[in-house]
Amino acid sequence: MSNPGKGLSIAGLVLGIVSAVLAWFYMINIIALITGIVGIICAAKGKSAAVAAGAPTGMGTAGLVLSIIGTCLAGIGFFSCTLCVLCTAGTAGVLGL
């Protein structure tokens, strides 16, 4: 008996974990942001397929939550670090601003 949506739920969970881990590192926040968004899409599709088939949805929910958390952390880190680097470079006269 197959579990519909299980593969997408697992993919969403793995991408959520990757996103949450990579969100803490400078200069690769954009990768974490992309993996988080793809993880949200995979987990949502997997969860909806599982709901339609009456299968358990725990892994899809976990993947969705973890992907959302990773995406938020990566977004905050990306914009705050990028802004900090640009302001520092502008102050130092590197950008010619």
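Because the structure is predicted, anything quoted here is derived from the model rather than measured.

Novice: Outline the packing of helix α1 (residues 6–22) against helix α3 (residues 58–92), listing residues and values.
Specialist: Direction vectors running N to C along α1 and α3 enclose 25 degrees, while the axes themselves pass 7 Å from each other. Taken together, the axis directions place α1 and α3 in an arrangement best described as roughly parallel. In the crossing of α1 with α3, the sense of the turn from one axis to the other is left-handed. Between α1 and α3, the residues in contact are S9, I10, G12, L13, L15, G16, I17, S19 and A20 and M59, G60, A62, G63, L66, S67, G70 and T71, respectively.

Novice: How would you summarise the packing of aromatic side chains if you had to cite specific residues and measurements?
Specialist: Counted according to the given criterion, the structure contains one aromatic pair. Relative to F79, the ring of F78 has its centre 5.3 Å away and its plane inclined at 70 degrees; by these criteria the two rings are edge-to-face. Note on F78: relative accessible area 26%, which makes it partly exposed.

Novice: Describe the packing of α1 against helix α2 (residues 29–53), and please don't skip the residues or the numbers.
Specialist: Two elements in contact, α1 and α2, have axes whose closest approach is 7 Å; the angle formed by their N-to-C orientations is 155 degrees. As the angle between them shows, α1 and α2 are arranged roughly antiparallel. Considering the relative orientation of α1 and α2, their crossing is left-handed. Contacts between α1 and α2 involve L8, S9, A11, G12, L15, V18, S19 and L22 on the former and, on the latter, N29, I31, A32, T35, G36, V38, G39, C42, A43, K45, G46 and K47. In terms of residue class, the contact of α1 with α2 is built from 10 nonpolar, eight polar and two charged.

Novice: Go over α3 with me, naming the residues and quoting the values.
Specialist: With 35 residues, α3 ought to run about 51 Å at 1.5 Å a step, and its terminal C-alpha atoms sit 50 Å apart, in line with that. The set of residues buried in α3 consists of G60, G63, S67, G70, T71, A74, G75, G77 and A89. On its buried side, α3 packs onto α1 and α2. Backbone geometry just after α3 places G93 at a positive phi near 80 degrees.

Novice: Break down a nonpolar patch on the surface for me, with residues and values.
Specialist: Residues I17, V21, W24, F25, V65, I69 and L73 make up a contiguous nonpolar surface patch of roughly 680 Å² in combined accessible area. At the level of secondary structure, the elements contributing two or more residues to the nonpolar patch comprise α1 and α3. The element best represented in the nonpolar patch is α3, accounting for three residues. Note that I69 resides in helix α3.

About the criteria used
Residues numbered from 1 in each chain as written. Predicted model: local features only at pLDDT ≥ 70, side-chain atom pairs only at ≥ 80, totals over all residues. Heavy atoms only, no water. Axes fitted to C-alpha atoms, helices over the stretch in contact; angles between N-to-C directions. Helix = DSSP H or I, 4+ residues; strand = E, 2+ residues; numbered from the N terminus. Parallel < 35°, antiparallel > 145°, perpendicular 65-115°, else oblique. Left-handed = near helix turned anticlockwise from the far one by under 90°. Contact = heavy atoms within 4.5 Å. Phe/Tyr/Trp six-rings, centres within 6.5 Å; stacked < 30°, edge-to-face > 60°. Buried < 20%, exposed > 50% of the residue type's maximum accessible area, 1.4 Å probe, protein only. Nonpolar A, V, L, I, M, F, W, Y, C, P; charged D, E, K, R; others polar. Expected span 1.5 Å × (residues − 1). Patch = residues over 30% accessible without salt bridge, like charges linked within 9 Å, V, L, I, M, F, W, Y side chains within 5 Å. Areas by Shrake-Rupley, 256 points an atom, 1.4 Å probe, with all protein chains shown as cover. Salt bridge = Lys/Arg side-chain N within 4 Å of Asp/Glu carboxyl O.

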